[in-house]
Every structure is written in structure tokens, then in C-alpha cells.
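Here's the letter readout for the chains.
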Amino acid sequence: MASINKKFQSLPRLIQIILLFIPVVNWLTEVIVRCSAGIHGKGFAQILVLIFAILPTGVLLGWIDIFSCLIQKKLILT
């Protein structure tokens, strides 16, 4: 079974950027994709810290993730 992180990475780049531009969807997308990355072995502790960082600073990290998607086609550290 593919992880949500892999499915997000397989989306067209334009769809990824659109998902990250919408404020509430951005926050939910980041939390779900990061949880999936943590469960499937991408440094669980590191991902957990980022999830807790997203809670109060979701907009700022969302903009950083938009640029990360433009350059790398994935969220930071996933």
C-alpha cells in the first residue's frame, strides 16, 4: 500500500501548489503528509517536531513548503 506521502509526491506540481495555497487545506495537507512520512520511516521524531511546529506557525511553514514543492516536488523533510 502506497503512503499518502508518495501519493502527494505523485500529484502534478500544479495540484500540489494549489493544495498548499488554500489556508486550511494547506495545514491539513501538511499534517497528513508529514504523519504519513513519519509512519513510513522518514525519521519519526523529526517529523513529529515539524508537526508540532506546524500547529502555531502553519502559514509560515506553508509558504516555505510551497517553495519547496516548486523546487523539489515534495514537502520539506518528507
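Q: So what's going on with the overall build of the protein? Residues and values would help.
A: When helices and strands are tallied, the protein shows four helices and zero strands. Listing every helix and strand of the protein by position from the N terminus yields α-α-α-α. Since a compact globule built from 78 residues should have a radius of gyration of about 12 Å, the 11 Å found for the protein is in line with a globular shape. The C-alpha extent of the protein, read off along each of the three principal axes, is 30 × 25 × 20 Å. Across the 78 residues in the protein, those meeting the buried criterion constitute 36%. In the protein, once contacts between residues fewer than 6 apart in sequence are set aside, the share between residues at least 24 apart is 64%. When the accessible surface of the protein is totalled, it reaches about 4800 Å², and 78% of it is carbon and sulfur.

Q: Describe the nonpolar core, with residues and values.
A: In this structure, Phe8, Ile17, Leu20, Val33, Ile66, Cys69 and Leu75 together form the largest nonpolar core, which totals seven residues. Those elements giving two or more residues to this core turn out to be α2 (13–21) and α4 (44–72). The residues contacting Leu75, other than those within four sequence positions of it, are Phe8, Leu20, Glu30, Val33, Arg34, Asp65, Ser68 and Cys69.

Q: Could you give me a rundown of the environment of Leu14, with the residues and numbers involved?
A: For Leu14, the location among the structural elements is in helix α2. As for Leu14 and Leu70, which are separated by 56 residues in sequence, their C-alpha atoms are 8.9 Å apart.

Q: Go over the packing of aromatic side chains with me, naming the residues and quoting the values.
A: A full pass over the atoms with the stated rule returns one aromatic pair. For the ring pair Phe21 and Trp63, a centre distance of 5.4 Å and an interplane angle of 75° mean the geometry is edge-to-face. Of the two residues, Phe21 is situated in helix α2 and Trp63 in helix α4; the sequence distance between them amounts to 42 residues. Classification of Phe21 as partly exposed rests on a relative accessible area of 45%. Residue classification places Trp63 among the partly exposed residues on the basis of a relative accessible area of 44%.

Q: Provide a residue-level description of the side chain of Asn5, including the pertinent values.
A: Relative to the helices and strands, Asn5 resides in helix α1 (residues 4–10). Not counting the four nearest positions on each side in its chain, Asn5 is found in contact with Val33, Ser36, Ala37 and Thr78.

Q: Give a detailed account of unusual backbone geometry, specifying residues and quantitative values.
A: In the Ramachandran plot, Lys73 falls in the positive-phi region, its phi being about 65° despite a non-glycine side chain. Classification of Lys73 as partly exposed rests on a relative accessible area of 28%.

Q: How would you sum up the packing of α2 against helix α3 (residues 23–39)? Please name residues and give values.
A: Where α2 meets α3, the closest approach of the two axes is 5 Å, and the angle between their N-to-C directions is 110°. The orientation of α2 with respect to α3, classified from their angle, is roughly perpendicular. Contacts between α2 and α3 pair Leu19, Leu20 and Phe21 from the former with Pro23, Val25, Asn26, Thr29 and Glu30 from the latter. Its residues assigned to classes, the contact of α2 with α3 shows five nonpolar, two polar and one charged.

What counts and how
- Residues numbered from 1 in each chain as written.
- Predicted model: local features only at pLDDT ≥ 70, side-chain atom pairs only at ≥ 80, totals over all residues.
- Heavy atoms only, no water.
- Helix = DSSP H or I, 4+ residues; strand = E, 2+ residues; numbered from the N terminus.
- Rg over C-alpha atoms; globule rule 2.2 N^0.38 Å.
- Buried < 20%, exposed > 50% of the residue type's maximum accessible area, 1.4 Å probe, protein only.
- Contact = heavy atoms within 4.5 Å.
- Areas by Shrake-Rupley, 256 points an atom, 1.4 Å probe, with all protein chains shown as cover.
- Core = buried A, V, L, I, M, F, W, Y, C linked by side-chain atoms within 4.5 Å.
- Phe/Tyr/Trp six-rings, centres within 6.5 Å; stacked < 30°, edge-to-face > 60°.
- Axes fitted to C-alpha atoms, helices over the stretch in contact; angles between N-to-C directions.
- Parallel < 35°, antiparallel > 145°, perpendicular 65-115°, else oblique.
- Nonpolar A, V, L, I, M, F, W, Y, C, P; charged D, E, K, R; others polar.

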